[in-house]
Amino acid sequence: MKRLRTPACLTIAGSDCSGSAGIQADLKVMQIHGVYGMSVLTALTSQNSRGIDGIYSVHPVLIERQLDACLSDINCDTVKIGMLPDFKSVVRIAECLQRHRMKNIVMDSVVISSSGQIMCEGTAISATIKYLFPYVLVYSSNIMEAYVLVQRVLGHCPFSLRTLEDIKNLLRIIHKAGPRFIVLNGHHVAYNDNFEIISSPTTDSFTVDLIFDGDNFYVFQKPYDLRYSKTVHGTSCSMTAAIASNIALGKRPLEAIQEARQSIERASLSIQEEFSSISRSAQLFRRIKPSSSNHTVTLCLQSSATADNARPPAFLSKTRT
Ligand SMILES: Cc1ncc(COP(=O)(O)O)c(N)n1
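Residues numbered from 1 in each chain as written. Predicted model: local features only at pLDDT ≥ 70, side-chain atom pairs only at ≥ 80, totals over all residues. Heavy atoms only, no water.

Caption draft 1: A look at the packing of aromatic side chains. Scanning all chains against the criterion turns up five aromatic pairs. A centroid spacing of 6.4 Å and a plane angle of 85 degrees characterise the contact between F87 and Y131, whose relative ring orientation is edge-to-face. Separated by 44 residues along the polypeptide, F87 in helix α3 (residues 87–99) and Y131 in helix α4 (residues 122–132) bring together distant segments of the chain. Plain terms: the ring middles of F133 and Y139 are 5.0 Å apart, the flat faces sit at 70 degrees to each other, and that makes the pair edge-to-face. Residue Y139 is classed as buried on the basis of its relative accessible area, which comes to 1%. Ring-pair connections join several aromatic residues into one group, and the members of that group are Y191, F195 and F206. The residue whose ring lies beneath R261 is F220, and the NZ or CZ to ring-centre distance is 4.0 Å. (Phe/Tyr/Trp six-rings, centres within 6.5 Å; stacked < 30°, edge-to-face > 60°. Helix = DSSP H or I, 4+ residues; strand = E, 2+ residues; numbered from the N terminus. Buried < 20%, exposed > 50% of the residue type's maximum accessible area, 1.4 Å probe, protein only. Lys NZ or Arg CZ within 6 Å of the ring centre and 35° of its normal.)

Caption draft 2: Just the pattern of salt bridges, in detail. Per the stated rule, a full pass over the model turns up 11 salt bridges. Notably, a salt bridge pairs K80 with D26, separated by 3.0 Å at the nearest N-O pair. Residue K80 is found in strand β4 (residues 78–81), and its partner D26 is found in helix α1 (residues 22–32); the two are separated by 54 residues along the sequence. In this structure, K80 and D26 share a single accessibility class: buried. The residue D209 makes a salt bridge to K222 at a minimum N-O spacing of 3.1 Å. (Salt bridge = Lys/Arg side-chain N within 4 Å of Asp/Glu carboxyl O.)

Caption draft 3: View of the confidence of the model for the protein chain. Residues at a pLDDT of 70 or more form 87% of the protein chain, whose mean pLDDT is 88. Interface confidence for the predicted complex, expressed as ipTM, amounts to 0.98; the pTM equals 0.90. (pLDDT = per-residue confidence, 0-100.)

Caption draft 4: The arrangement of the site of the ligand in detail. The environment of the ligand is formed by 13 residues, the closest being G14, Q47, S113, S114 and G234. One of the backbone N or O atoms of S114 is found 2.8 Å from an oxygen atom in the ligand. One of the backbone nitrogen or oxygen atoms of G234 is found 2.5 Å away from an oxygen atom of the ligand. Relative to its unbound accessible surface of 360 Å², the ligand loses 93% to contact with the protein. Of the residues assigned to the shell around the ligand, the class counts are five nonpolar, eight polar and no charged. (Near = heavy atom within 4 Å. Polar contact = N/O pair within 3.5 Å; in protein donor to acceptor, adjacent residues only side chain to side chain. Areas by Shrake-Rupley, 256 points an atom, 1.4 Å probe, with all protein chains shown as cover. Nonpolar A, V, L, I, M, F, W, Y, C, P; charged D, E, K, R; others polar.)

So, in structure tokens, the structure goes:
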């Protein structure tokens, strides 16, 4: 059926003055996908590819006013949430999103930046779990952030991270707290053939990304590649903005997630390392190509307890392990 209007997406995030992460990355990615982008700023930062040296939070009242201004005027298909600096902002955002009955919420966990900077107060994480998680459709994080989150959910993490099964258990706990789909970026962690985490990767080591939908784990195993850990900062902002855009375009969550992962991964891998950071950033955004919706994705499905009933969507061709 022909679309009558351009899909619209709202990003609630911090500003990255250097243009690679946060609001700036989100709007670029939405534009690439042909989605109309709106933005609510939660914080101003001074940063570049080497690190972050200043964070200034926007007053929660002004965050709420920005949100009301956008949502009371423009029909919004998807909300993408990034940096949430403090408790009060989270509470205001949660109230406002409920008031406007926003359903398609995609959240990027912005707890620690790729340069190692803490991006929010601890109480903001607790507020996110309590007030926002019940409404989150897709939640995306890396392993360290997932671990910090589980510590906040349970008060402590009841196991240490030694194997892939431990990582899956983190996702099971997060899923119980609310988000319906969880995307785990695992490219910093290396495994051996027994799926044990190893600290000194060899040429045989591999990494694992996961998607969990509450029933099934979709497992993406790749050779450990140093290039993944050297990509431009803002890669996870771009990936979640791509997921939000795909959902705004009418794709189902698993399809939206998988296409976004692939397009960002392809773009990241083709970046030429010899160039300056600004040029690498420019290359990333230039090379993000939204996937066409009718391609087949081959992935490896590892089922949880419901293995026998597991029925992946038709567009995923599965191979069981
Ligand atoms: C405003 C803002 N939001 C998010 C990130 C995280 O991105 P990364 O972890 O790639 O540094 C960032 N650096 N700045």
